[in-house]
Amino acid sequence: MPATTQSLSERFDPKTLAALEGLDFKARYVMEGYLTGLHDSPFHGFSVEFSDYRNYQPGDDLRRLDWRLFARSDRLCIKRYMQETNARFYVVCDTSASMQYRGGGAWGSKLECARILAAALTWFLLKQNDAAGMVTLGGPAAVPEFIRPSQRPNQFGVMLRQLEHLDAAGGPRLSLLIQHTLRLVHRRSIILFFSDLLEPSEEVVTGFKQLRFHGHEVIVFQVLDSDELYFPFSEPRVFEDVETGARRVVNPALARASYLQRFKAFMAAYHDLFQTLEIPHCVARTDENPLQALALFLAERKRLK
Amino acid sequence: MPFSFLNPWFWLAALAVAAPIWLHLRRKQQTNLVLFSTLRFLDDQPTPRQGPLRLRDLLLFALRVLGLVLVIGAFAWPYWRGANTEPVQESRVYILDNTLSHQANNGFARDRDRILADLDRAGAQIQTAVIELTSAPRVLVSFGEDRETARHKLLALQPSFQRGPYLAAFRQANSLLANSLGARRRIVLLGDNQENQWNENANTPPFLRNIQVDLPTPAARALPNVSLSDPRAQRIYLGDKSFVNFTAKLTHSGDAKSADVVLRANGQVIFNRSVDLDQQPGRILLQAQWEADPATWVRGELIADAAPDALPADNRLFFCLAPVVEGKVALLAQSPYLRLALSPEIMRGQWSARLLEPSKLEAEVAAGEDADVLCLESNYLPSSDARKLVARYLSGGRGVLLLINRVTPAIRGCLRELGFEAEGVVEAPKDNPEKFQFVFSNHPIFHPFLSPDYGNLMDVRIYKHVRLRSAQAMPLAFSENGAPLFFEGAKSPGKLFVAAFGMDRDQTSWPIDQTFVPFLDLALQAARSEDPTPINFEPAEICILPLPIGSQAREVVVRDDHRELVRTTVDQGKAQLRLPEQPGIYSLTYDDQSEVRRLFSVNPSSKESQLSFVDNPEALSLWRTASPPDPGRTPPPSPLGRVRLAGILRQRFWWWMVMGGLAALLLEMALAETRKVQA
């Protein structure tokens, strides 16, 4: 497991990512776009893959008139092509203080895990000629930071630098992040969402529904620590919420059962929600290799497709 | 140093104590608090009171208790009413004079026994320290040391032959008392109150504040003593024979009628005779001459026995003399007397002269083969080649003997460059010529003439000389009228001697005088560049020894006849040596070689032989700032609250307990961490 003191660039090992090359990341929904990509587009335009004919109408571009057909059948038809579009991806990363948590068995914090997942996916998507952008909230004041999607060669560096500068601080801000994403992302896009989803707010649920309503494809990567999954504490301790600062005296031996029960219910609620909204949901753990989890996720998607 | 919060050691110690405690407490606080990502799945569950508390880790508990007990004990230690923590009423520092003069009448041993007796008598209310006064005073016993250690240290002391200042010892005692516990502070000087030892630093500003000083009362104002000092050995040549000329001073005071003097050199008794001291001046110059091989070192000793003598330790004197290396002199002079005096018939084995041809000076300048000394007359100075030669000799650290037999404007200009102003020629009447009247007799050139064997300089007549003036050169001989006749220049690296006259019969009668050849030899020897390091030292003196150029030695070793005494490394061609403490003759060798490179003689300072004493030294009244407290009045016992922190910090047990407590806490931390990892 890589050391936590490494920078993101050092973590980003191309050899590991080479394992992802055999997988693709086709969107389940047809995307609109102009550039050539792997995603089917309902819009016919400039491409090399023939689709069908339609009758010529005044005003059509004469360059698209099929002269051979006119010679054979004396009909004026316009050739139509199936356009393969490129997709716009947005990396949306939660930077609330709970993402800073790092359990005893973890190799890094949840935010570090999210950074690596986001960087790997960005590299992967840019490699298949898709445009990648980012929406995050920076600093204690939760100022929205937006990177416009692009395919430029330096886009990966821009994204990596932004990911490295992410700092988990402040209180709950997941719902705010979703609202800013809705405001900033206009065209239908694929939104890769990285969060622990621990914010207890109805607005979060509403926000996911709104994202889907706006036609975005959302993929949620839920990053969790094994401490949160299993609550392995034994001694009576004072627990402090890193986001709110509230403290509770807890005897873990007594509280573990109820904790696990509630956590399971919490996960089940999100599972149901994402199933209803047709949002893929991937759980990544900070005590495991996130790239392996990503590879499994992509392989599973390909198999289902 | 008095205790102060500005003392950096205090802050360092406070930091050292506070750091592990803070770390320990911080860790305890951290281990109880868990920063968790969310509390939404947790309820507040106050820890229910369990049954009686149980110890789960006895070792950890024991370490914590031990650490706390030791730390608390350390801070409570000075307040315990025990034998060692009884309030100290008096802090006393003994200054034990271990200089040579204090050996008189067995004074050193007597005072050492007195300290031992005082140590046995002193209870816990008196804390005691001892300073040994030698050339570098040192704290022999500090306040914290136990009595048995102090006894051993005192009994191991041997009488020394060194000389040391009272001032340094008093300063050290003052600094010890500044950090002492006692309400009353006292310095007890156990010495001989030697007068010259008090007078050396009489004008030092005051520094003894509220300190009582006990001085010894000398048995007498002066003691009888016979001593030897100032050994000087030189080689002289008479014909083909080489002689050693030795002088020393025999000083006597008291009722001694005669002294048996024995002089030995290289295992041979030179003389053994009785010297009559009755009705003689207090200082007698002893002189001896004997034939010696010029190629070998001369090592000898002079012993004088007399009675009554309070200080026999200064009756023995050691000396040594380096072998002669034949010198080279380049002669540019017309004087037939100079040529004759420097001829092999007269100066064989001493000087080898090379006559320079005036017409071949250019070749001489180009050749660059310089002799040790250049001897020239001023009438050659207008030649540019001669001037170049003079400048090269002087800048190269060699010697020049310049005889001004003539003065012209050109010569005046040359002399100005050398730092001399020629103001004209003085011709004395034939019937009343000038002669030497005042001579710098301590200078190596003229000192041997104190002995009548070399002849009398006063017999030399000067008929004509040049009136010279110089702001930089030092005149060594004057005429009856006060005119300087012989100078030593100090402007250049090389040595320059200037005579205000030439060695011709129309200018002086010196060339036909008995003193001429010895003078010429001594002047050339003084002008010759030689090792400036003296070979006679005082006991325990520190000297910087320059090694010859090109020497590859890494270490120099000082030995006596039997064993190696000092070994020191050579740094940048120099070695710093601390000479042995015992008088004697010591040899110097390089690295592990056995070849003797140099001999040293170590003799005690002649000042230590002056056994005159004072009752109430004036210096002491100047050193004190206020009157000391009345010794008859017993100070009130120190209340607990007045135990000074400086005193606490000086207690050895206190430090041991603090260190033990901290060690226990550190061990506890490590153990707790290990247990945590295991869990």
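Residues numbered from 1 in each chain as written. Chains lettered and ligands numbered in written order. Predicted model: local features only at pLDDT ≥ 70, side-chain atom pairs only at ≥ 80, totals over all residues.

**Focus: the overall build of chain A**
Here comes step 1: Helix and strand content of chain A: 10 helices and 10 strands.
Here comes step 2: Taking all 305 residues of chain A together, 37% fall into the buried category.
Here comes step 3: For chain A, the proportion of contacts with a sequence separation of at least 24, taken over those separated by at least 6, is 77%. (Helix = DSSP H or I, 4+ residues; strand = E, 2+ residues; numbered from the N terminus. Buried ≥ 20, exposed ≤ 12 C-beta atoms within 10 Å, placed from the backbone. Contact = placed C-beta atoms within 7 Å.)

**What to know about the overall build of chain B**
Here comes step 1: The secondary structure content of chain B amounts to 15 helices and 31 strands.
Here comes step 2: Buried residues in chain B amount to 34% of all 679 residues.
Here comes step 3: If you take every contact in chain B between residues at least 6 apart in sequence, the share linking residues at least 24 apart comes to 76%.

**Focus on the confidence of the model for chain A**
All names here are of chain A.
Here comes step 1: Residues of chain A with pLDDT of at least 70 account for 79%, and the chain-wide mean is 79.
Here comes step 2: Below pLDDT 50 for its whole length, residues 1–6 participates in seven contacts with residues either more than four positions away or in separate chains.
Here comes step 3: For residues 20–38, every residue scores under 50 in pLDDT, and the model assigns this stretch 55 contacts once sequence neighbours within four places are set aside. (pLDDT = per-residue confidence, 0-100.)

**Description of the packing of helix α2 (residues 58–76) of chain B against helix α15 (residues 652–678) of chain B**
All names here are of chain B.
Here comes step 1: At a minimum axis distance of 8 Å, the contact between α2 and α15 shows a crossing angle of 155 degrees. Here α15 runs roughly antiparallel to α2, going by the angle between their axes. Here α2 runs over α15; the crossing is left-handed. Across from Leu-59, Leu-60, Leu-63, Arg-64, Leu-66, Gly-67, Leu-70, Val-71, Gly-73 and Ala-74 in α2, the residues of α15 making contact are Trp-654, Met-657, Val-658, Gly-660, Gly-661, Ala-664, Leu-665, Leu-667, Glu-668, Leu-671 and Ala-672. (Axes fitted to C-alpha atoms, helices over the stretch in contact; angles between N-to-C directions. Parallel < 35°, antiparallel > 145°, perpendicular 65-115°, else oblique. Left-handed = near helix turned anticlockwise from the far one by under 90°.)

**Side note on the interface of chain A and chain B**
Here comes step 1: Opposite the 26 residues of chain A that make contact, chain B presents 16 residues.
Here comes step 2: The set of elements that each furnish at least two residues to the side of chain A that touches chain B consists of β8 (237–241), β9 (247–250) and α9 (252–276) of chain A.
Here comes step 3: Top element by residues in the side of chain A that touches chain B is α9(A). It accounts for six residues.
Here comes step 4: Of the residues belonging to the side of chain A that touches chain B, the class tally is 15 nonpolar, three polar and eight charged.
Here comes step 5: In this sheet, strand β1 (residues 33–36) of chain B lies alongside β8(A) in parallel orientation, the contact comprising four bridges. Within β1(B), the position partnered with Asp241(A) by the bridge is Phe36(B). (Nonpolar A, V, L, I, M, F, W, Y, C, P; charged D, E, K, R; others polar. Pairing = 2+ DSSP bridges.)

**Thoughts on the packing of helix α6 (residues 174–184) of chain A against helix α7 (residues 202–213) of chain A**
Residues and elements named next belong to chain A.
Here comes step 1: Running from N to C, α6 and α7 cross one another at 20 degrees; their axes reach a closest spacing of 9 Å. Here α6 is positioned roughly parallel relative to α7, judged by the angle of their axes. Crossing of α6 against α7: the hand is left-handed. Note on element contacts: α7 touches α6 through Glu-203, Val-204, Gly-207, Gln-210 and Leu-211, opposite Leu-174, Ser-175, Ile-178, Gln-179, Thr-181 and Leu-182.
Here comes step 2: Residue composition of the contact of α6 with α7, by class: five nonpolar, five polar and one charged.

**What to know about the nonpolar core**
Here comes step 1: The biggest cluster of nonpolar side chains holds 64 residues, and the ones touching the most others in it are Val329(B), Leu331(B), Leu374(B), Val400(B), Leu401(B) and Val498(B).
Here comes step 2: The leading source of residues in this core is helix α12 (residues 516–527) of chain B, at seven residues.
Here comes step 3: In contact with Val329(B), other than residues within four places in its own chain, are Leu342(B), Trp351(B), Ala353(B), Ala371(B), Asp372(B), Val373(B), Cys375(B) and Leu524(B).
Here comes step 4: Ranked by size, the runner-up nonpolar core spans 62 residues in total, among them Phe89(A), Val92(A), Cys113(A) and Leu211(A). (Core = buried A, V, L, I, M, F, W, Y, C linked by C-beta atoms within 7 Å.)

**A word on unusual backbone geometry**
Here comes step 1: The amide bond that connects Ala307(B) to the next residue, Pro308(B), takes the cis arrangement and shows omega of 0 degrees.
Here comes step 2: By secondary structure assignment, the location of Pro308(B) is in the loop between β12 (298–306) and β13 (316–321).
Here comes step 3: Positive phi, normally seen in glycine, also occurs at Ala142(A), with a value near 55 degrees.
Here comes step 4: Examined against the element boundaries, Ala142(A) turns out to sit in the loop between β4 (131–138) and β5 (143–150).
Here comes step 5: Of note in the backbone geometry, Asn105(B) takes a positive phi value of approximately 55 degrees without being a glycine.
Here comes step 6: Here Asn105(B) lies in the loop between β2 (90–97) and α3 (107–121).

**Side note on the sheet that holds strand β10 (residues 268–276) of chain B**
Residue and element names in this part refer to chain B.
Here comes step 1: Taking strand neighbours across the sheet as the criterion, the four strands line up as β10-β9-β12-β13 in an open arrangement whose pairing is antiparallel. The sheet is open, and its two edges are formed by β10 and β13, each paired on a single side. Between one strand and the next, the sheet's axes are offset by a mean angle of 15 degrees, whatever the strand orientation.
Here comes step 2: Bridging between strand β9 (residues 258–265) and β12 involves seven bridges; their strand directions are antiparallel. Each bridged residue has a counterpart across the sheet, and for Ala-265 the counterpart in β12 is Gly-300.

**Brief notes about the sheet that holds strand β3 (residues 126–133) of chain B**
Residues and elements named next belong to chain B.
Here comes step 1: An order of β4-β3-β2-β5-β6 is seen for the five strands of this open sheet, with the pairing classed as mixed. A single partner strand is all that each edge strand has here, and the edge strands are β4 (138–141) and β6 (212–214). The mean angle between the axes of side-by-side strands here comes to 25 degrees, regardless of whether they run parallel or antiparallel.
Here comes step 2: Taken together, the eight bridges between β2 and β3 define a ladder with parallel strand orientation. Residue pairing in the sheet places Asp-97 in a bridge with Leu-133 of β3.
Here comes step 3: Contacts between α3 and the sheet are confined to β2, β3 and β5 (184–190), with β2 contributing the most and set at about 160 degrees to the helix.

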